[in-house]
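Results of the structural survey
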Amino acid sequence: MAAATLAMLGTAAPAHAEPLTHTSETFEESGTIDPWFTCDGFHLILTYDVTFRVTEYFNADGDLVRARIYVHGSGTFANSVTGESNTGSSPSIYFDDYVAGTTAIVGRLNHNNLPGEGNVALDAGRIVFDMETGEVIFSAGPHPGEANIDWCSIVD
């Protein structure tokens, strides 16, 4: 019986699926945004560095089917009047699935601490969006969104 099964498996036609091909690129960006946010009586000035490593995957027909973007950003924002500042980082990975029409983000989009207080700005975990509508399909972790974090009070 085992020999017959092995003989049949050995004669089965192999699948001819074409392998995915991929290309990779790395981009780096640095800059200053003045003002990044406007606070009562001062502006927040952001100085940042970010590295993007993009890998795109194509099917046998050459169609882009998905992309993985590793992002590592770090920066310092400062009170324009007092100079008080805070530093944060945001290592995250974006998974764009063009077949399913979704973008998943995993990691930390924002992460800032204050000595003695711990996290004062945290957007982390996994969140999945519909590419077309921007609707959140799945969310795990705190995701307040950059606009909903009280950045001004951190350096007030």
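1. Re the nonpolar core
- Formed by 19 residues in total, the largest nonpolar core has its most connected members in W36, F42, L44, F77, W151, I154 and V155.
- Secondary-structure elements contributing two or more residues to this core are strand 1 (21-39), strand 2 (42-58), strand 3 (64-79) and helix 2 (151-154).
- Looking at this core element by element, the count peaks at six residues for strand 2.
- Leaving out residues up to four positions away in the same chain, F77 has contacts with W36, L44, I45, L46, E84, S85, N86, N112, W151, I154 and V155.

2. A look at the packing of aromatic side chains
- Tallying each qualifying case throughout the model produces four aromatic pairs.
- On the numbers, 5.5 Å between centres and 50 degrees between planes, the contact of W36 with F77 is tilted. Of the two residues, W36 sits in strand 1 while F77 sits in strand 3, which places them 41 residues apart along the sequence.
- Linked through ring pairs, W36, F37, F77 and W151 together constitute an aromatic cluster.
- Directly above the ring of Y57 sits R66, whose terminal nitrogen or CZ lies 4.0 Å from the centroid.

3. Let's talk about the side chain of T55
- Structurally, T55 is set in strand 2.
- On the accessibility criterion, T55 (8% relative accessible area) is buried.
- Within the structure, the side chain of T55 is placed 3.3 Å from the side chain of S24, a separation counted as a polar contact.
- Leaving out residues up to four positions away in the same chain, T55 has contacts with H22, T23, S24, R66, A67 and R68.

4. Describing the sheet that holds strand 3
- The seven strands are arranged 1-2-3-4-5-6-7 in an open sheet whose pairing can be described as antiparallel. Of all strands in the sheet, those with a lone pairing partner are strand 1 and strand 7 (136-140), marking the two edges. In this sheet, neighbouring strand axes are inclined to one another by 15 degrees on average, regardless of whether the strands run parallel or antiparallel.
- Alignment of strand 2 against strand 3, held across 15 bridges, turns out to be antiparallel. Paired with R53 across the strands is Y70, a residue of strand 3.

5. Observations regarding a nonpolar patch on the surface
- Together, L64, Y98 and M131 line one region of the surface with nonpolar side chains, adding up to about 230 Å² of accessible area.
- Within the element layout of this structure, L64 appears in strand 3.
- A residue is classified by how much of its surface remains accessible, and L64, at 31% relative accessible area, is partly exposed.

6. Digging into the pairing of strand 3
- Here strand 2 hands over to strand 3 after five residues, with G62 in that stretch at a positive phi of 85 degrees.
- Where strand 3 lies against strand 4 (residues 85-97), 13 bridges are found, and the strand directions are antiparallel. By the bridge assignment for strand 4, A78 is matched with S85.
- Between the antiparallel neighbours strand 3 and strand 4 lie five residues, among them G83 with a positive phi of about 80 degrees.

7. Quick word on the side chain of N86
- Tracing the backbone through its elements, the reader meets N86 in strand 4.
- In this structure N86 comes out as buried when scored by relative accessible area, which is 4%.
- A polar contact is formed between the side chain of N86 and the side chain of N112, at a distance of 2.7 Å.
- At a separation of 2.8 Å, a polar atom in the side chain of N86 contacts the main-chain carbonyl oxygen of N113.
- Setting aside its immediate chain neighbours within four residues, N86 contacts G75, T76, F77, N112, N113, L114, I154 and V155.

About the thresholds
Here the residue index of a chain counts from 1 through its sequence in written order. Selection of residues for local features in this predicted model requires a pLDDT of at least 70, selection of side-chain atom pairs for listing and counting requires 80 or more, and totals for whole chains, interfaces and linings are taken over all residues. Neither water nor hydrogens contribute to the side-chain values; these are computed over all heavy atoms in the structure. Among buried residues, the Ala, Val, Leu, Ile, Met, Phe, Trp, Tyr and Cys ones that are joined through side-chain atoms within 4.5 Å form a nonpolar core. Residue burial is assigned from relative accessible area. The probe radius is 1.4 Å, only protein chains are included, and a residue is buried under 20% of its type maximum, exposed over 50%, and partly exposed in between. The secondary structure listing takes helices from DSSP runs of H or I that are at least 4 residues long and strands from runs of E that are at least 2 residues long, numbered from the N terminus. Any two residues whose heavy atoms approach within 4.5 Å at even a single point are treated as in contact. A pair of Phe, Tyr and Trp rings is counted when the ring centres sit within 6.5 Å of each other, with Trp represented by its six-membered ring. The angle between the planes then sorts it: under 30 degrees is stacked, over 60 is edge-to-face, the rest tilted. The rule for a charge over a ring is simple: NZ of Lys or CZ of Arg within 6 Å of the ring centre, and within 35 degrees of the ring normal. Polar contact is defined as a pair of N or O atoms within 3.5 Å, subject to the rule that within protein one atom must be able to donate a hydrogen and the other to accept it, and that residues adjacent in sequence are counted only when both atoms are side-chain atoms. Strand pairing follows a simple DSSP-based rule, namely that at least 2 bridges must link the two strands. To obtain an axis, a line is fitted to C-alpha atoms, over the contacting stretch when the element is a helix, and the angle between two such axes runs from 0 to 180 degrees between their N-to-C directions. Patch membership needs two things, relative accessible area over 30% and no salt bridge, and members are linked within 9 Å if like-charged or within 5 Å if nonpolar (Val, Leu, Ile, Met, Phe, Trp, Tyr). Per-residue accessibility takes into account occlusion by the displayed protein chains alone, with areas from the Shrake-Rupley method and a 1.4 Å probe. A pairing counts as a salt bridge when a side-chain nitrogen of Lys or Arg comes within 4 Å of a carboxyl oxygen of Asp or Glu.

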